[in-house]
Amino acid sequence: LEAVAEELRCRKEKSLLTFPSVFVLTIKFPYKTEESLRRNLAWASEQIPACLRRIVDAAASSMMDEGTCGNDLSAHIAVTYSIVHLHANSESERTLIAVFNEL
């Protein structure tokens, strides 16, 4: 997620995002015990909202028009997400589904 935000921040040409956009990412956790999986999932769940917000801020910055403040644009981009365990995944994998849309 950090790499996506950095790519959006550094682009000089048109934004990589159009709306709505959907990110589907597989998260692979180190798996030793059920407790370690719960602990790692809790940590990721705490970090994901801030990472997604950085993607929104970077996307808004890359879409900035003349005379428009990127921070104003980011206030008009909503992101909703869910972390799911798909049966095709191993026990240590979860899938992050994030939807970016204009308000």
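Here, residues in each chain are numbered from 1, in the same order as that chain's written sequence. Given that the model is predicted, a residue must reach a pLDDT of at least 70 before its local features are reported, and side-chain atom pairs must reach 80 or more before they are shown or counted; all residues, however, enter totals for whole chains, interfaces and linings. Processing note: side-chain calculations cover all non-hydrogen atoms of the structure and skip hydrogens and water entirely.

## A look at the pattern of salt bridges
Stated formally: Salt bridges are defined by distance alone: a side-chain nitrogen of Lys or Arg within 4 Å of a carboxyl oxygen of Asp or Glu. Where helices and strands are cited, they refer to DSSP runs of H or I of at least four residues and of E of at least two residues respectively, numbered from the N terminus. Accessible area is worked out with a 1.4 Å probe on protein chains only. A residue is then buried under 20% of its type maximum, exposed over 50%, and partly exposed in between.
Considering all chains together, one arrives at one salt bridge under this definition. Of the charged contacts in the structure, one is a salt bridge between E35 and R38, with a shortest N-O distance of 3.3 Å. Taken together, the residues E35 and R38, both in helix α2 (residues 34-62) and three residues apart, mark about one turn of the helix. A residue is classified by how much of its surface remains accessible, and R38, at 49% relative accessible area, is partly exposed.

## A short note on the packing of aromatic side chains
For the record, the criterion: Only Phe, Tyr and Trp rings take part, Trp by its six-membered ring, and two of them pair if their centres are within 6.5 Å. Stacked means planes under 30 degrees apart, edge-to-face means over 60, and tilted covers everything else.
Per the counting criterion, the structure on display carries one aromatic pair. For the ring pair F23 and F100, a centre distance of 4.8 Å and an interplane angle of 55° mean the geometry is tilted. With F23 in strand β1 (residues 21-28) and F100 in strand β3 (residues 93-102), this residue pair connects regions lying 77 residues apart in the sequence. By relative accessible area, F100 is classed as buried at 0%.

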